[in-house]
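These are the residues of each chain, in order.
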Amino acid sequence: MKFGHFDDVNKEYVITSPRTPLPWINYLGCEDFFSLKSNTCGGYSFYKDAKLLRLTRYRYNNVPLDSNGLYYFIKDGDTVWNPGWMPTKTELDDYKCRHGLGYSVFEGKKNGISAVLTDFVPMGTACEVNKLTLTNESDEKKDFTLFSYVEFCLWNAMDDMTNFQRNFSTGEVEIHGSTIYHKTEYRERRNHYAIFSVNTDIDGFDTDRDSFLGAYGENRAPEVVMTGKAKNSVASGWAPVGSHQINISLAPGESRDLVFVLGYVENKKDEKWEGLNKVNRKPAEAMLTKFDTTEKADQALADLKAYWNGLLSHFTVSSSEEKLDRMVNIWHQYQCMVTFNMSRSASYFESGIGRGMGFRDSCQDLLGFVHLIPDRARQRILDIASTQFEDGSAYHQYQPLTKKGNADIGSGFNDDPLWLIAGTAAYIKETGDYSILDEITPYDNDASKATDFMEHLRRSFNYTVNHLGPHGLPLIGRADWNDCLNLNCFSEEPGESFQTFGPSEGPNAESVFIAGMFVKYGKDYAAICRHRGLEEEAKEAEKQIEKMEQTVLDAGWDGEWYLRAYDHYKHKVGSKECEEGKIFIEPQGFCVIAEIGLKDGYCLKAMESVEKHLDTKYGIVLLQPCYTRYHVELGEITSYPGGYKENAGIFCHNNPWISIAETVVGRGNRAWQVYTRTCPAYIEDISEIHRTEPYVYSQMIAGKDAPNFGEAKNSWLTGTAAWTFLDVSQYILGIRPDYDGLVVDPCIPASLDGFSAKRDFRGVTYHITVKNPNGAEKGVASMTVDGTPVEGNMIPFDGSKKEVQVEVVMG
Ligand code: BGC
Ligand code: NOJ
């Protein structure tokens, strides 16, 4: 069952029923100001950091679900309704929500009035603009009242939810004309405040929540709206809100546009505004003049659309597979940009408080967006590297506002350092910019401890070399990619040790997955050394890599698949000898991507085992058989009921690893099958089962052991975004940047007779046509570049050309 449809021309998903199984959201904002926006206008806004500078209040896990947001109420006689249905839930005569690239449009109709609300965050300004067009579609004159409404958050979202003894007495506002200033904290800091304004005279306002809602009131039926009369309340403590009343009168056929702005305003750094406690209104007024007419708002929206169209034009594909084109040209890349902006901080499943930017997460996200915004990728790499410790290990997370490592979580995830090499290699392959290696980059954000960036990579590589376990495999530390595989927990008290590390952290447990990563990204490290003229170092690295490959084959192979790990007691994890959890997905993906034992048939065998033991109709589960009880020596992974999350859920993130691995062994049909099984556009028809947004990936789909097999959770902020885009663009379509040029190496289903693609690469545009006349799954029989036949399948980079025509015939 579907709840809407894709509109590829406008690059939108159009939701046609407000009762989606879960809130289906969009992200507004691509720079510093962000709003999460659900299909019924729920959500919240923040500036740079969802924890520290939150403008509006949201109640996660609320009842009713998703019932706070930036709302517009229309009171037309006795009928009160919202263009986005919530929070009144008044049945609409017509409802649509169009989630587009950085904007959302809500089209609601009721009793002859049409409301079209266009919400977006413009480029270059820290605000959300809401353009509301009201039209009288009836034959009679319409007199009605419009109320806007938003509830402010007192900035620090954690404190806002917990410190009521203080917070009920700090709230302050000012009202000037049509602009409501939310200035809590300003008394003390005198540097930032929020505004909520509209470009017309108003007929009343409210800024105190209890006055607006009424005693024991609720968003569904605010007293002010129900009575149709604002109280002009001025908040003092308690809960500051912003609401405007505007009386509207429309002749038949007449329309009226209003432009509302919710903005974040900061005094300039050196400007300490001395107007006692009064806000410095100048910067707010300057912001508001940018959007004070419909034309200006329309222009800002047009500029935003042009920005997105420009971004998405760097990689496009055209094929007979409509859904493939839709995902590659729009939604994969869009989700990659959102994960760039948010990492794992703020979604409808991540509160914006608990987690900042993940070290490994952000490094992996880079793989998906580096071609879109290489400059920002460069900065991101250096920011991430600045949270590394001198021994090569790293803070697992950092806070986006301060860019400082999060000491509460600390370090100890032994895969982290290698992801820095992964992200950097992707950056260099994309841009050819080796100068990043010379950047002086601190450790632990301490400028007195800094080296060039190359040294950071060296310490990343050596971190693994220096932390090997009893079998010569990498020590896992607190966990590797699988945060829940906590093999160094050995408390005798069930439940006690999981996620408590420190003194109980054992030195023994080893990860075959990290071994795969080490081989894969170690090769990149060696290549980077070689490009830098460090031949000896490159050779030494290669020696370590070869040794690790052998170690995996000797101690990490279980007969039909790669083992997952050894626990603290040196017991095998992910082996046929285990009672449960006999086979895991991660090492199958990464050891094959790293080509460990490829020519001796190990890789193909591992892929066959995945298909045999882990496949389901909704995707590949993380492990089998699921853990049916808690195992203290394995940690959090066994705390989940079977089929959920890391305990045998379909963890979408590592499905593309398998798809990529299948391209390594050359099985295009299977790579495609794995790709399409979890791909949003391909599973749109089962939205009632899948339940999360059908235009983006979720982190997890319940596996076959769960009662709700096929149901997804944790949409939007997942490494799946980057990895699936990498899979389909670089391995299935096979257009892959490399150090010295662009490789074209498709591995597609035999039924696809070819495709064409446009790829911008280092300032040159490549027009690539791939033909597959004989139904091959992999292999380039011939390639011409601007009509000249080329040996192999790499187009050496030549920056003197601006446009290049490439023809590839598979076979
Ligand atoms: C989840 C993991 C996640 C981790 C982050 C765990 O509870 O299962 O998916 O990576 O938390 O700390
Ligand atoms: C989600 C986390 O963000 C990611 O870092 C981790 O690798 C996966 N969960 C698997 O545990």
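Residues numbered from 1 in each chain as written. Chains lettered and ligands numbered in written order. Predicted model: local features only at pLDDT ≥ 70, side-chain atom pairs only at ≥ 80, totals over all residues. Heavy atoms only, no water.

I'm lost on helix α17 (residues 655–664) in this one. Help?
Side chains of residues three or four places apart in an α-helix project in the same direction, reflecting 3.6 residues per turn. Judged by how many residues are buried, α17 sits mostly within the fold: 10 of 10 residues are covered. Every buried residue of α17 is listed here: Asn655, Pro656, Trp657, Ile658, Ser659, Ile660, Ala661, Glu662, Thr663 and Val664. Among the residues trailing α17, glycine 666 stands out with phi positive, at a value near 85°. (Buried < 20%, exposed > 50% of the residue type's maximum accessible area, 1.4 Å probe, protein only. Helix = DSSP H or I, 4+ residues; strand = E, 2+ residues; numbered from the N terminus.)

Teacher, can you tell me more about the nonpolar core here?
Soluble globular proteins tend to pack their nonpolar side chains together in the buried interior. Leu134, Leu146, Trp419 and Tyr562 are the most contacted members of the largest nonpolar core, which has 248 residues in total. With 13 residues, helix α13 (residues 512–531) is the largest single contributor of residues to this core. (Core = buried A, V, L, I, M, F, W, Y, C linked by side-chain atoms within 4.5 Å.)

Hey, could you run me through the packing of aromatic side chains in this one?
Given two aromatic rings, one states the distance between the centres and the angle between the planes to describe the pair. Evaluation of the coordinates by the stated rule reveals 50 aromatic pairs. Both rings, one in phenylalanine 6 and one in tyrosine 13, keep their centres 4.7 Å apart while their planes meet at 85°; by these two values the pair is edge-to-face. Accessibility expressed as a relative area gives 0% for tyrosine 13, which makes it buried. Seen in terms of ring centroids, phenylalanine 513 and phenylalanine 590 are 5.3 Å apart; in terms of plane orientation they differ by 75°. Their pairing is edge-to-face. With phenylalanine 513 in helix α13 and phenylalanine 590 in helix α15 (residues 585–593), the pair connects residues that are 77 residues apart, well separated along the chain. Of the aromatic side chains, those joined through ring pairs into one cluster are Phe3, Phe6, Tyr13, Trp24, Tyr27, Tyr307, Trp308, Trp331, Tyr334, Tyr695 and Trp716. Here arginine 54 stacks its cationic end above the ring of tyrosine 44, 4.0 Å away from the centre of that ring. One Lys or Arg, lysine 305, reaches over the ring of tyrosine 103 and ends 4.6 Å from the middle of that ring. (Phe/Tyr/Trp six-rings, centres within 6.5 Å; stacked < 30°, edge-to-face > 60°. Lys NZ or Arg CZ within 6 Å of the ring centre and 35° of its normal.)

Is there a simple way to explain the pairing of strand β11 (residues 113–120) in this structure?
The side chains of a regular strand alternate, first on one face of the sheet and then on the other. Buried residues dominate β11, accounting for 7 of its 8 residues. For strand β10 (residues 103–110) and β11, the ladder comprises 8 bridges, and the chain directions are antiparallel. Paired with lysine 110 across the two strands is isoleucine 113, which belongs to β11. The hairpin turn running from β10 into β11, its antiparallel successor, is 2 residues long, and asparagine 111 in that turn takes a positive phi close to 45°. Here β11 folds back onto strand β12 (residues 127–136), and the loop between the two strands holds 6 residues, one of which, glycine 124, carries a positive phi near 80°. (Pairing = 2+ DSSP bridges.)

In this structure, what is going on with the UniProt feature "domain: Glycosyl hydrolase 94 supersandwich" (unreviewed entry) in the protein? I would like to understand it.
Feature annotation in UniProt places "domain: Glycosyl hydrolase 94 supersandwich" (unreviewed entry) on residues 11–270, given in this structure's numbering. Span residues 11–270 is 9% helix and 45% strand, its end C-alpha atoms 42 Å apart. (UniProt positions renumbered as here; feature names shortened; annotations may be inferred.)

Mind showing me how you'd approach the site of ligand 2 here?
Around ligand 2, the neighbouring residues are Arg344, Arg355, Arg360, Asp361, Trp481, Asn482, Asp483, Glu646, Phe651 and Gln699. Contacts to ligand 2 include arginine 355, whose side-chain N or O atom sits 3.3 Å from an oxygen atom. Note that an oxygen atom of ligand 2 is positioned 3.0 Å from one of the backbone N or O atoms of aspartate 483. Look at ligand 2: alone it shows 290 Å² of surface, and the protein chains cover 95% of it. For the shell around ligand 2, the per-class residue count stands at 2 nonpolar, 2 polar and 6 charged. (Near = heavy atom within 4 Å. Polar contact = N/O pair within 3.5 Å; in protein donor to acceptor, adjacent residues only side chain to side chain. Areas by Shrake-Rupley, 256 points an atom, 1.4 Å probe, with all protein chains shown as cover. Nonpolar A, V, L, I, M, F, W, Y, C, P; charged D, E, K, R; others polar.)

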